[in-house]
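A look at the structure
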Amino acid sequence: MNSMDTIPLNDLTKQHDPLREELDRAIAKLVSTNAFIGGAPVRQFAEAYAEFCDVGHAIPCANGTEALRIAILAVLGPGNGTCEIITVSHTFAATAEAICQAGYRPILVDVDPATHLMDLDEVDAACTDSTIAIVPVHLYGQMVDMNLLKAIARRRGLAIIEDAAQAHGAKFGEFGPGQLSNAASFSFFPGKNLGAWGDAGAIVTNDDDVARCAAQLIDHGRSDKFTHTRIGCNARMDAIQAAVLNIKLSHLGDWNEARREAAGWYGSLLADAQDCVIPTVAPDARHVFHQYVVKVPQRETVRAVMQEAGIATGVHYPIPLHEQPAFGTLGLSPDSLPVTHELCQRILSLPMFPGITRRQVERVAQMLMQAVSATTLMAV
Ligand SMILES: *Cc1c(COP(=O)(O)O)cnc(C)c1O
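Keep in mind it's a predicted model, so treat the numbers as computed, not measured.

1. Overview of the site of the ligand
In the vicinity of the ligand there are 14 residues, among which Gly-64, Thr-65, Gln-166, Ser-187 and Lys-192 approach most closely. A distance of 2.6 Å separates an oxygen atom of the ligand from a polar side-chain atom of Ser-187. For the ligand, the protein covers 92% of the area, taking 380 Å² as the surface of the free molecule. Residues that form the shell around the ligand fall into these classes: five nonpolar, seven polar and two charged.

Given below as structure tokens:
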């Protein structure tokens, strides 16, 4: 197999090559000023990202995990390990890590078998007198139904902090992350829909008090240069990351459209494929396809066949949080969340990035159908 024919899961070169000169110039300029922490690029990004999300405030910070931890602290204050926050098991570990490290107990619920997102009936059923908040995860780029979730939260007097690490530019109905909740957190890990050249993240909110508190927490609890109003930490965004993000942000809308177009190609090519289930998009959702995730039988065999043909695939994620050693103290058996458990054996992420060509998508789809039929035949 010629290496030119290989198709990666993500191809950042496609994003960065056309912008390389502009990006290199911005970084060179920053280096010549020696202003590496805070300053104009970070302020500019805060303003531009708040505008992109159509919210009152964006607080740039060090990464998506800290963004979520600090958003929780800014909304709820630090916990003492007894109050509960409901989230899903089918997510990246950072979601539950942030909850634990803010001092709360994560209560992991199952997901909807079609959308792979938080099952809202399960949320309602999981509420106890100790429940204080809900952390929905807008996995793969599709938002949880925030109107329904908000109705549950309001009825029960709970806060909502959204993990929007995979959902830059996503919408449910008219609203995006941060507009119907107390706060939302984003990651700008390089592979995300908007990625920095290193670690970065942001908190967005319409709540002035939450914004002020979060801005202090990420900068040693400072309310001014020499006054430390609360015990914070150092979770600031680097100026170099902000300089990169300022340039990339203006392309995010186009990049999301390119992802949506590629998802449309996959959808029509795989619509009638045997034993391959394409993603379900809720009618009101504007999915931004951070990942394009299908469900297949014999996933590991299918992956190996695709790999052999030069097509990279991923699994997001193979082991759900309730089956991870780190969360063993939650005492959940694998089949206590049956939908999540089953899903994790079958999900397969296909190559998805802005700039993937129609021909590449066709090759992936064709190879996938071949691999699935070969492996299901073998299994008979
Ligand atoms: C990427 C991601 C995070 C963590 O973001 P980092 O910037 O890597 O810390 C949190 N939650 C989800 C769902 C993610 O995909």
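2. Some details on empty space enclosed by the protein
Under the defined criterion, the tally for this structure stands at one cavity of 30 Å³ or more. Roughly 80 Å³ of internal volume is contained in the largest cavity. Ala-114, Thr-115, His-116, Leu-139, Tyr-140, Gln-142, Pro-279, Thr-280, His-287, Phe-289, Gln-291 and Val-293 are the residues that line the largest cavity. Both domains that furnish three or more residues to the lining of the largest cavity are identified here as domain 1 (13–109 + 116–249) and domain 2 (252–379).

3. What to know about the environment of Ser-336
Relative to the helices and strands, Ser-336 resides in the loop between helix 11 (299–308) and helix 12 (338–346). Distance from Ser-336 to Glu-21, taken between C-alpha atoms, is 52 Å for residues 315 residues apart in sequence.

4. Observations regarding the pairing of strand 1 (residues 57–61)
Summarising burial for strand 1: four of the five residues are buried, a large majority. Bridge count for strand 1 against strand 8 (residues 201–205) is five bridges, and the pairing is antiparallel. For Pro-60, the partnering residue across the bridge sits in strand 8 and is Ala-202.

5. Here's the deal with the sheet that holds strand 3 (residues 105–109)
Strand order in the open sheet formed by seven strands is 1-8-7-5-4-2-3, and the pairing between neighbours is mixed. Either end of the sheet is taken by a strand with one partner, and the two such strands are strand 1 and strand 3. The sheet shows a mean angle of 25 degrees between the axes of neighbouring strands, direction not considered. Both strand 4 (residues 131–134) and strand 5 (residues 159–163) contribute to a ladder of two bridges, which runs parallel. Pairing of Ile-134 across the sheet is with Ile-160, part of strand 5. Here helix 7 (residues 146–156) sits on the sheet in contact with strand 4 and strand 5, set at roughly 150 degrees to strand 5.

6. Side note on the layout of surface pockets
Think of a ball as big as a water molecule: rolled over the atoms, this probe shows where empty space is left. The volume enclosed by the largest pocket comes to roughly 550 Å³. Together, 29 residues line the largest pocket, and Phe-92, Ser-187, Phe-189, Lys-192 and Tyr-317 are the ones closest to its centre. Of all the elements in the fold, those that place two or more residues in the lining of the largest pocket are helix 4 (64–76) and helix 5 (93–101). Considering only residue class, the lining of the largest pocket consists of twelve nonpolar, 13 polar and four charged. Built from parts of two domains, the lining of the largest pocket gets at least three residues from each of domain 1 (13–109 + 116–249) and domain 2 (252–379).

7. Quick word on the packing of aromatic side chains
Applying the stated criterion to the full structure yields eight aromatic pairs. Measuring from ring centre to ring centre gives 5.4 Å for Phe-45 and Phe-188, while their planes differ by 85 degrees; the resulting arrangement is edge-to-face. Separated by 143 residues along the polypeptide, Phe-45 in helix 3 (residues 40–53) and Phe-188 in the loop between strand 7 (183–187) and strand 8 bring together distant segments of the chain. An identical accessibility class is assigned to Phe-45 and Phe-188; each is buried. With centroids separated by 5.2 Å and ring planes inclined at 90 degrees, the aromatic side chains of Tyr-49 and Phe-188 adopt a geometry described as edge-to-face. Of this pair, Tyr-49 sits in helix 3 while Phe-188 sits in the loop between strand 7 and strand 8, placing them 139 residues apart in sequence. By the burial criterion, Tyr-49 is buried, and Phe-188 matches it. The rings of Phe-45, Tyr-49, Phe-52, Phe-186 and Phe-188 are connected pair by pair, giving a single aromatic cluster.

8. Let's talk about the domain arrangement of the protein chain
Each domain of the protein chain was delimited in the assignment, giving domain 1 (13–109 + 116–249) and domain 2 (252–379). Computed over C-alpha atoms only, the centres of domain 1 and domain 2 are separated by 25 Å. The interface of domain 1 with domain 2 comprises 36 residues on the first partner and 34 residues on the second. Of the roughly 3000 Å² buried between domain 1 and domain 2 on both sides combined, carbon and sulfur atoms contribute 62%. At the boundary of domain 1 with domain 2, the tally comes to zero salt bridges. At the junction of domain 1 and domain 2, the tally comes to 19 residue pairs in polar contact (both at pLDDT 80 or more). Looking at the side of domain 1 that touches domain 2, the elements that each hand over two or more residues are helix 1 (12–16), helix 5, strand 3, strand 6 (171–172) and helix 9 (239–249).

About the thresholds
- Residues numbered from 1 in each chain as written.
- Predicted model: local features only at pLDDT ≥ 70, side-chain atom pairs only at ≥ 80, totals over all residues.
- Heavy atoms only, no water.
- Near = heavy atom within 4 Å.
- Polar contact = N/O pair within 3.5 Å; in protein donor to acceptor, adjacent residues only side chain to side chain.
- Areas by Shrake-Rupley, 256 points an atom, 1.4 Å probe, with all protein chains shown as cover.
- Nonpolar A, V, L, I, M, F, W, Y, C, P; charged D, E, K, R; others polar.
- 1 Å grid on protein atoms, 1.4 Å probe; cavity = no way out; pocket = protein on both sides within 12 Å on 5 of 7 lines; lining within 4 Å.
- Points joined across faces, edges and corners; volume = space filled by probe spheres on them.
- Domains from an automatic or database assignment.
- Helix = DSSP H or I, 4+ residues; strand = E, 2+ residues; numbered from the N terminus.
- Buried < 20%, exposed > 50% of the residue type's maximum accessible area, 1.4 Å probe, protein only.
- Pairing = 2+ DSSP bridges.
- Axes fitted to C-alpha atoms, helices over the stretch in contact; angles between N-to-C directions.
- Contact = heavy atoms within 4.5 Å.
- Phe/Tyr/Trp six-rings, centres within 6.5 Å; stacked < 30°, edge-to-face > 60°.
- Buried area = accessible area lost by both parts, 1.4 Å probe.
- Salt bridge = Lys/Arg side-chain N within 4 Å of Asp/Glu carboxyl O.

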